[in-house]
Amino acid sequence: MTDAAWGSILTLGVEEELMLVDAETLAQRAASSEVIPRVRAERGLVKHELFESIVELNSGICSSPDDALDVLRALRRATADAAHDVGCTIAAAGSHPTDIASEQAIADEPHYREFVDYAGPTARRQGVQGLHVHVGMPDAETCLRVMEWVIPWLPLVLALSANSPWFERERTGLLSTRAEILGLLPRHGAPPRFESWSEWEGLILRFCAAGLVDSYGAIHWDIRPHPKFGTLEVRVPDQPTDVARTGALVAFVQALAAWALEQPPPTAASGDRAVYDQNRWAASRFGPRAKFIHPERDGASVSVPDLYRELVDRVGTDPLDSTSCEADLQLTFADPHEATADIARRSLT
């Protein structure tokens, strides 16, 4: 198991997955190998992703949501400038409204090629992008405790971040198509409940010993411990188009983790995975207009805005509009090409 780096409590690290698209046609371009060496940024870095037409913006360690937002704004500008040099621009969303995912070139890196060889068409269907938020944790056992408190609320985060209503030129009927596409992968959704850190390590080692993964980095859960960075990594949100929306989601996730840090060990009922699966599906389908099973009250249903207000009262911050999401903006366009043009425009503001 990798060396751990616990101890930086509530620090942040943020990863945005952005598309590189042709500046004229707005179709995805397999240009990350050209763009990445051209990026000039004072903080953070830009990395390859599964597809050659996607780049990952990585903020590095940040002290606050505002600090992370400043870094990401600068990284977007630097990446857009580098993309311009090769006739491209950036587009930030949970999915590309028109392109065919399976036609995108895979990045020329061994671990991506090995993943595609194993996962086959389910890997090539992953034409979706997400926002990952790392929150610093004091130690491994605390990380697991915080994770259990956070898990029941992740469908709410998904509902408010939904930003992938188009996929391969079709309105899918889902506000987060990405959430369902991720379900094609092995080791997806919510993690199981762990009673101890040794139990978590044992499961990861079991996967490794079977030759299915080489590290926990190949576990695609919606949330997971990341001991190498000493963080809890929340992976459920769709990629926002507006970078200010990224900042708001980062602030909300950090506040949720800070609240969870103060809670006692949770009961088994608080982490009911069947309720989680139902609420996650409802978030994917309806976004902010979903009805959830209340994560803590038996037999109670609740709207997304009401549940959001309840959580705001607990965590003490209110950075998001709980009545709409960016998928709603995409669906104001009848033509997916027009939706793509709007995404590209708003990605740079």
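Relevant structure appears above.
Described below are features of the structure shown in this document.

Criteria and cut-off values
Residues numbered from 1 in each chain as written. Predicted model: local features only at pLDDT ≥ 70, side-chain atom pairs only at ≥ 80, totals over all residues. Heavy atoms only, no water. Helix = DSSP H or I, 4+ residues; strand = E, 2+ residues; numbered from the N terminus. Buried < 20%, exposed > 50% of the residue type's maximum accessible area, 1.4 Å probe, protein only. Contact = heavy atoms within 4.5 Å. Areas by Shrake-Rupley, 256 points an atom, 1.4 Å probe, with all protein chains shown as cover. Lys, Arg positive; Asp, Glu negative; His and termini not counted. Charge placed at Lys NZ, Arg CZ, Asp CG, Glu CD. Core = buried A, V, L, I, M, F, W, Y, C linked by side-chain atoms within 4.5 Å. Expected span 1.5 Å × (residues − 1). Polar contact = N/O pair within 3.5 Å; in protein donor to acceptor, adjacent residues only side chain to side chain. Phe/Tyr/Trp six-rings, centres within 6.5 Å; stacked < 30°, edge-to-face > 60°. Salt bridge = Lys/Arg side-chain N within 4 Å of Asp/Glu carboxyl O. Axes fitted to C-alpha atoms, helices over the stretch in contact; angles between N-to-C directions. Left-handed = near helix turned anticlockwise from the far one by under 90°. Nonpolar A, V, L, I, M, F, W, Y, C, P; charged D, E, K, R; others polar. Pairing = 2+ DSSP bridges.

Description of the overall build of the protein
Looking only at helices and strands, the protein has 13 helices and eleven strands in total. If one aligns the C-alpha atoms of the protein with their principal axes, the spans along those axes are about 55 × 45 × 40 Å. By the burial criterion, 59% of the 349 residues in the protein qualify as buried. In the protein, the share of contacts with a sequence separation of at least 24, taken over all contacts with a separation of at least 6, comes to 76%. Accessible surface computed for the protein: about 14000 Å², of which carbon and sulfur atoms make up 51%. On the protein, the mean spot of the 32 positive side-chain charges and the mean spot of the 51 negative ones are 2 Å from each other.

What about the nonpolar core?
Within the largest apolar cluster, 84 residues are counted, with the highest numbers of intra-cluster contacts made by Leu156 and Phe292. Considering every element that reaches this core, the biggest residue donor is helix α9 (residues 243–261), with twelve residues. What leucine 156 contacts, discounting residues up to four positions off in sequence, is Phe292, Val304, Leu307, Tyr308 and Leu311. Listed in part, the 23 residues of the second largest apolar core include Ala101, Tyr112, Phe115 and Ala344.

Things to note about the environment of leucine 182
Position of leucine 182 relative to the elements: it lies in helix α7 (residues 177–182). Spatially, the C-alpha atoms of leucine 182 and glycine 316 are 31 Å apart, while their sequence positions differ by 134 residues. Once residues within four sequence positions are removed from consideration, leucine 182 is found in contact with Gln126, Val128, His188 and Arg280.

Side note on α9
In a regular helix each residue adds 1.5 Å, so 19 residues correspond to 27 Å; α9 covers 27 Å between its end C-alpha atoms and thus fits that length. Within α9, 17 of the 19 residues are buried, leaving the element largely enclosed by the surrounding structure. The N-capping residue of α9, defined by a side-chain oxygen 2.8 Å from the backbone nitrogen of alanine 244, is aspartate 242.

As for the packing of aromatic side chains
The full count for this structure, using the stated rule, is eight aromatic pairs. When the centroid spacing of 4.3 Å and the interplanar angle of 15° are considered together, the rings of tryptophan 197 and tryptophan 200 count as stacked. With a gap of three residues between them, tryptophan 197 and tryptophan 200 both fall in helix α8 (residues 197–209), about one helical turn apart. On the basis of relative accessible area, tryptophan 197 is assigned to the buried category, the value being 10%. Relative accessible area serves as the criterion here: at 1%, tryptophan 200 is assigned to the buried category. Seen in terms of ring centroids, phenylalanine 252 and tyrosine 308 are 5.2 Å apart; in terms of plane orientation they differ by 40°. Their pairing is tilted. Here phenylalanine 252, found in helix α9, pairs with tyrosine 308, found in helix α11 (residues 304–315); they are 56 residues apart in sequence, far enough to count as distant. The class of tyrosine 308 is buried, set by a relative accessible area of 2%.

Concerning the pattern of salt bridges
For the structure shown, the criterion picks out 21 salt bridges. Across the pair arginine 113 and aspartate 108 runs a salt bridge whose closest N-O atoms are separated by 2.4 Å. On the basis of relative accessibility, which here comes to 38%, the residue arginine 113 falls in the partly exposed class. Classification of aspartate 108 as exposed rests on a relative accessible area of 63%. Glutamate 148 is the salt-bridge partner of arginine 273, the closest N and O atoms lying 2.7 Å from each other. Placement of arginine 273 in helix α10 (residues 273–286) and of glutamate 148 in helix α5 (residues 140–150) is noted, with a sequence separation of 125 residues between them.

What about the packing of α5 against α9?
Running from N to C, α5 and α9 point in directions that differ by 115°, and their axes come no closer than 9 Å. Note on packing geometry: the crossing formed by α5 with α9 is right-handed. Along the contact surface, α5 presents Thr142, Arg145, Val146, Trp149 and Val150, while α9 presents Leu256, Ala257, Trp259, Ala260 and Leu261. Its residues assigned to classes, the contact of α5 with α9 shows eight nonpolar, one polar and one charged.

Thoughts on the pairing of strand β4 (residues 88–91)
Both faces of β4 are covered, namely the face carrying Cys88 and Ile90 and the face carrying Thr89 and Ala91. With four bridges connecting them, strand β1 (residues 12–22) and β4 associate as antiparallel partners. Residue valine 21 lies in a different strand from β4, and its bridge partner there is threonine 89.

Purely geometric stuff here, so don't read any function into it on its own.
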